[in-house]
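What follows is each chain in one-letter form.
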Amino acid sequence: GLLAGNANVVRLSSRRMEGEAPLLAALRRVLERPEHAAVRARTSLITYGRDDAVTADYCARCDARIVWGGDATVAAVRAMPMPPHAVELCFPDRWSLAVFSQRAFSALTPEERGALAHRFYNDTYQMDQNACSSPQLVLWLEDGGDPACRARWWEAVAAEAAERYPFGPFQAARKLERLCLCAMTMEQPSVAAVERYQGNLLYVARLAGLSGNLPSLAGGFGLFFEAALPSLEALAPLLPPKAQTLVCGGLEPSETAALLARAGARGVDRVVPLGQALEMDTVWDGRDLIAALSRIIG
């Protein structure tokens, strides 16, 4: 909204988050500069508890609204009327995955594998996989190579996590809880086996097979899912609309994106190389945000 030149009201959660105070302090310092007076005049960051009446009042007077949250939050806000001319952008629950070339990963040197594991850590552990764009599932493209490269890959990821990840009782308990829940409730595909690396630091839940739409997968804290993919062409029919980002390893992202577009894939709006899952742009979830939040006078 700011980049599009709008006046903006941003509701912050009433739950204080780690890192929020320094960020708000930095924003305040920037907005208080004389050269940013015009931006400050059209920027308001507010917080209040869950009060539908207040939210509805803002919605009734807006020219555009962006709803970013879980499916229930998005549905609740969308039910609140807006002026007839207003535009709306919604960003509900999404999840992401990765596709790795078995042939390419088989040819990696230990140094190359370690460098890619560092990037994968940044895509996943850095946000405890809570970001909608963090991969939860790794699909191994069966394009040749040695299947043993999969275990070598996870060993490299676990070694990276052992050096960088603040792993404590809370993370261990939540990871085990999520694994048990998936093992008990997932049917198609089901969890066929679980491999552990670096003790309790990394779990890899191997799926029994792929058929129909992939379910929304929620790992976290070092819990990942994996499965074999016979061909890239087999990927498009598996992708549900909730699949957001596809992280490529050993594959060209632009060629993979073109293949999904030709196949009419219903899911995946971003195809990026390893290490770029969390990078944001003005195009998000397949929407050009600047264009959507702008009015053109012709």
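Just above sits the structure.
Residues numbered from 1 in each chain as written. Predicted model: local features only at pLDDT ≥ 70, side-chain atom pairs only at ≥ 80, totals over all residues. Heavy atoms only, no water.

**Quick notes on unusual backbone geometry**
Outside of glycine, negative phi angles account for most residues, and trans bonds account for most peptide bonds. As a reminder, the rule being used: The numbering of helices and of strands both runs from the N terminus, where a helix is a DSSP run of H or I of at least 4 residues and a strand a run of E of at least 2. Each residue's exposure class comes from its accessible area (1.4 Å probe, protein chains only) as a fraction of the maximum for that residue type: buried when under 20%, exposed when over 50%, partly exposed otherwise.
Unlike most non-glycine residues, aspartate 128 shows phi in positive territory, near 55°. Inspection of the secondary structure assignment puts aspartate 128 in the loop between helix H6 (110–123) and strand E6 (135–141). Phi is positive for phenylalanine 221, which is not a glycine, with a value near 60°. Locating phenylalanine 221 in the fold gives a position in the loop between strand E8 (202–207) and strand E9 (223–229). Residue class for phenylalanine 221 comes out buried when judged on its relative accessible area of 4%.

**Re a nonpolar patch on the surface**
The cut-off we apply is this: The patches reported here contain residues having more than 30% relative accessible area and no salt bridge. Joining distances are 9 Å for like charges and 5 Å for nonpolar side chains (Val, Leu, Ile, Met, Phe, Trp, Tyr). Every accessible area reported is derived by Shrake-Rupley at a probe size of 1.4 Å, with residue values counting cover from the shown protein chains alone. When a carboxyl oxygen of Asp or Glu lies within 4 Å of a side-chain nitrogen of Lys or Arg, that pair is called a salt bridge.
A cluster of nonpolar side chains, Val10, Leu23, Leu27 and Leu45, forms an exposed patch at the surface whose accessible area comes to about 320 Å². Position of valine 10 relative to the elements: it lies in strand E1 (residues 8–12). On the accessibility criterion, valine 10 (37% relative accessible area) is partly exposed.

**Things to note about the pairing of strand E3 (residues 64–68)**
Taken residue by residue, a regular strand's side chains alternate between the two faces of the sheet. Our working rule: Following DSSP output, two strands are said to pair if at least two bridges run between them. By convention, orient the strands away from the viewer: a clockwise path from the first strand over the helix to the second makes the crossover right-handed.
Here E3 shows one buried face, formed by Arg65 and Val67, and one open face, formed by Ala64, Ile66 and Trp68. Pairing geometry for E3 and strand E4 (residues 87–91), over 5 bridges, is parallel. Bridge pairing in E4 places tryptophan 68 opposite phenylalanine 91. Viewed along the sheet, the connection from E3 through helix H4 (residues 71–78) into E4 turns out right-handed.

**A word on the sheet that holds strand E5 (residues 95–101)**
Threshold: Only the stretch in contact is used when fitting a helix axis, every axis being a line fitted to C-alpha atoms; angles between N-to-C directions are given from 0 to 180 degrees. Note on contacts: a residue pair is in contact if any heavy atoms of the two residues lie within 4.5 Å.
Taken together, 7 strands build an open sheet; the order of strands is E7-E8-E9-E6-E5-E10-E11 and the sheet is mixed. Two strands lie at the open edges of the sheet, namely strand E7 (191–197) and strand E11 (270–273), each paired on one side alone. Strand-to-strand twist in this sheet, taken as the mean axis angle between neighbours without regard to direction, amounts to 25°. Against the sheet, H6 contacts E5, E6, E9 and strand E10 (243–249), and its axis sits at roughly 145° relative to E6. On the sheet, helix H7 (residues 149–164) packs against E5, E6, E7, E8 and E9 and is oriented at approximately 150° with respect to E6.

**A word on the environment of aspartate 269**
As a reminder of what qualifies: N or O atoms closer than or at 3.5 Å make up a polar contact, with two conditions inside protein: a donor-capable atom paired with an acceptor-capable one, and, for residues adjacent in sequence, both atoms drawn from side chains.
Its location among the elements puts aspartate 269 in the loop between helix H9 (253–263) and E11. Taking relative accessible area as the criterion, aspartate 269 reaches 35% and is therefore assigned partly exposed. Aspartate 269 sits 26 residues away from alanine 243 along the chain, and the two C-alpha atoms are 7.9 Å apart. Discounting residues that sit within four places of it in the chain, aspartate 269 has contacts with Arg94, Ala243, Gln244, Asp285 and Gly286. A polar contact of 2.8 Å, which involves the side chain of aspartate 269, links it to the side chain of arginine 94.

**Some remarks on the side chain of arginine 178**
What counts here: Residues scored as charged are limited to Lys and Arg (positive) and Asp and Glu (negative), so that His and the chain ends carry no count.
In this structure, arginine 178 sits in helix H8 (residues 169–185). Within the buried core, arginine 178 has no salt-bridge partner, and the shortest N-O distance to an opposite charge, that of glutamate 177, equals 6.2 Å.

**Quick word on the packing of aromatic side chains**
Quick note on the threshold: Here is the rule: rings of Phe, Tyr and Trp (six-membered ring for Trp) pair when centre to centre is within 6.5 Å. Planes less than 30 degrees apart are stacked, more than 60 are edge-to-face, and the remainder are tilted. Only when the NZ atom of a Lys or the CZ atom of an Arg is both within 6 Å of the ring centre and within 35 degrees of the ring normal do we say a charge sits over the ring.
Scanning the model with the defined rule gives 16 aromatic pairs in all. Taken together, the aromatic side chains of Phe100, Phe105, Phe120, Tyr121, Tyr125, Trp140, Trp153, Trp154, Tyr165, Phe167 and Phe224 make up a single cluster linked through ring pairs. A cation sits over an aromatic face here: arginine 11 above tyrosine 48, 4.6 Å from the ring centre. For lysine 175, the ring lying beneath its charged end belongs to tyrosine 203, and the centroid distance is 4.8 Å.

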